[in-house]
Amino acid sequence: METAMDAHAVTSTRGQVAYQRLRELILDGSFPAGTPLQETMLAARIGVSRTPIREALAQLISEGLVSRVSGLTPVVRRLSVEDFVEILHLRRLLEVEAAGRAAGSGQSGDLRAIRERLVSFLAGEQPTTEDHIAIDDRLHTTIAELSGSKLLTQFVQDLRLRTKVFDKGRLPGRFVPGCQEHIAIIDAVLAADAPAAEAAMRRHIDNVRESIMGYLHRF
């Protein structure tokens, strides 16, 4: 016979499942900023009752990924410029460290293959937006993995996912300079030059920040 404690444990587990799934849908862009999150719709999509969905939404609201205004239906929160810049600051700290460690690891992962693709982009290949995002993710994840720290890799991936909540329509075009900066990072890592790898990663993230701020100041 199921006790009240057992029922609570089951509900809590389902709440965590719902939370993880909703968080993934928000961070991977399936639910863009401003998307209303109706309990009935979410329950049907994830396959749980409304109670776990309600718990998941409360957790996401506390994390700042979802907002509720005046008791209305919760919506995916739009990441502000200030939030984006703060995340870039944290990425700068972590990814500069990761680049230095990667250069000192004596490993290359699939960096050469990534470099070849970036060179082909600069030579005239016209990648789709999805292709460009994928190679960008692949590079930064590979650098983090080569650092040898699973926790550092997890933090980097999480912060990168969070930046995807930012309205991509407001980001300035950085395709060519981004490719060039990525190649510089790869070359420094392959040369086992930790200071150069750190400097290249620092310059890359600083340039992203400055480009965004310069773009926004035009309006």
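Cut-off values and rules
- Residues numbered from 1 in each chain as written.
- Predicted model: local features only at pLDDT ≥ 70, side-chain atom pairs only at ≥ 80, totals over all residues.
- Heavy atoms only, no water.
- Helix = DSSP H or I, 4+ residues; strand = E, 2+ residues; numbered from the N terminus.
- Buried < 20%, exposed > 50% of the residue type's maximum accessible area, 1.4 Å probe, protein only.
- Contact = heavy atoms within 4.5 Å.
- Areas by Shrake-Rupley, 256 points an atom, 1.4 Å probe, with all protein chains shown as cover.
- Salt bridge = Lys/Arg side-chain N within 4 Å of Asp/Glu carboxyl O.
- Core = buried A, V, L, I, M, F, W, Y, C linked by side-chain atoms within 4.5 Å.
- Polar contact = N/O pair within 3.5 Å; in protein donor to acceptor, adjacent residues only side chain to side chain.
- Axes fitted to C-alpha atoms, helices over the stretch in contact; angles between N-to-C directions.
- Parallel < 35°, antiparallel > 145°, perpendicular 65-115°, else oblique.
- Left-handed = near helix turned anticlockwise from the far one by under 90°.
- Nonpolar A, V, L, I, M, F, W, Y, C, P; charged D, E, K, R; others polar.

**Q** It is not clear to me how the overall build of the protein chain should be interpreted in this structure. Could you clarify?
**A** Looking only at helices and strands, the protein chain features 9 helices and 2 strands. Listing every helix and strand of the protein chain by position from the N terminus yields α-α-α-β-β-α-α-α-α-α-α. A total of 219 residues make up the protein chain; the buried ones form 39% of that total. Of the contacts made within the protein chain by residues no fewer than 6 positions apart, 76% connect residues no fewer than 24 positions apart. Total accessible area on the protein chain is roughly 11700 Å²; 54% of this is exposed by carbon and sulfur atoms.

**Q** What's the story with the pattern of salt bridges in this structure? I'm lost.
**A** Once the charged atoms of two side chains with opposite charge are near each other, the side chains can pair. The full count for this structure, using the stated rule, is 15 salt bridges. Arg 138 serves as the salt-bridge partner of Asp 110, at 2.8 Å between the closest nitrogen and oxygen. Separated by 28 residues along the polypeptide, Asp 110 in the loop between helix 4 (81-103) and helix 5 (111-122) and Arg 138 in helix 6 (residues 129-146) bring together distant segments of the chain. Since its relative accessible area comes to 29%, Asp 110 is described here as partly exposed. Judged by relative accessible area, which is 34%, Arg 138 ranks as partly exposed. The structure contains a network of salt bridges with shared partners spanning Glu 39, Arg 50 and Arg 54.

**Q** Sorry if this is basic, but what is going on with the environment of Ala 144 here?
**A** By secondary structure assignment, the location of Ala 144 is in helix 6. Separated by 12 residues in sequence, Ala 144 and Val 156 place their C-alpha atoms 7.1 Å apart. Ala 144 has contacts with Ala 98, Ser 149, Thr 153 and Val 156, leaving out every residue within four places of it along the chain.

**Q** Honestly, the nonpolar core in this entry has me stumped. Any pointers?
**A** The tendency in soluble globular proteins is for nonpolar side chains to be buried as a group. The biggest cluster of nonpolar side chains holds 33 residues, and the ones touching the most others in it are Leu 111, Ile 114, Leu 118, Ile 143, Val 189 and Met 201. Contributing elements (two or more residues each) for this core: helix 4, helix 5, helix 6, helix 7 (150-163), helix 8 (175-190) and helix 9 (194-216). In terms of residue count, helix 4 provides more of this core than any other element does, 8 residues in total. Discounting residues that sit within four places of it in the chain, Met 201 has contacts with Glu 95, Val 96, Ala 99, His 140, Ile 143 and Ile 185. Listed in part, the 19 residues of the second largest apolar core include Phe 31, Leu 42, Ile 53 and Leu 65.

**Q** Any chance you could explain the side chain of His 140 here in plain terms?
**A** Inspection of the secondary structure puts His 140 in helix 6. Residue classification places His 140 among the buried residues on the basis of a relative accessible area of 1%. Among the polar contacts listed, one links the side chain of His 140 to the side chain of His 182, at a separation of 3.2 Å. Contacts of His 140, omitting those with residues within four sequence positions, involve Arg 91, Glu 95, Val 156, Arg 160, His 182, Met 201 and His 204.

**Q** Quick question: what am I supposed to make of the environment of Ser 49 here?
**A** Inspection of the secondary structure assignment puts Ser 49 in the loop between helix 2 (39-46) and helix 3 (50-63). Along the backbone, Ser 49 and Gly 15 are 34 residues apart, and their C-alpha atoms lie at a distance of 9.4 Å.

**Q** When you look at the packing of helix 5 against helix 6 in this model, what are you seeing that I'm missing?
**A** Angle between the axes and distance between the axes: these two values describe a pair of packed helices. Axis separation between helix 5 and helix 6 bottoms out at 10 Å; the angle between their running directions is 150 degrees. Accordingly, the angle class assigned to the pair helix 5 and helix 6 is roughly antiparallel. As for the relative orientation of helix 5 and helix 6, their crossing is left-handed in sense. In this structure, helix 5 contributes Leu 111, Ala 113, Ile 114, Arg 117, Leu 118 and Phe 121 to the contact, and helix 6 contributes Asp 131, Ile 135, Arg 138, Leu 139, Thr 142, Ile 143 and Leu 146. Its residues assigned to classes, the contact of helix 5 with helix 6 shows 9 nonpolar, 1 polar and 3 charged.

**Q** Can you walk me through unusual backbone geometry in this structure?
**A** Glycine aside, residues mostly have negative phi angles, and peptide bonds mostly take the trans form. Despite not being glycine, Ala 192 shows a phi value in the positive range, around 60 degrees. Residue classification places Ala 192 among the exposed residues on the basis of a relative accessible area of 52%.

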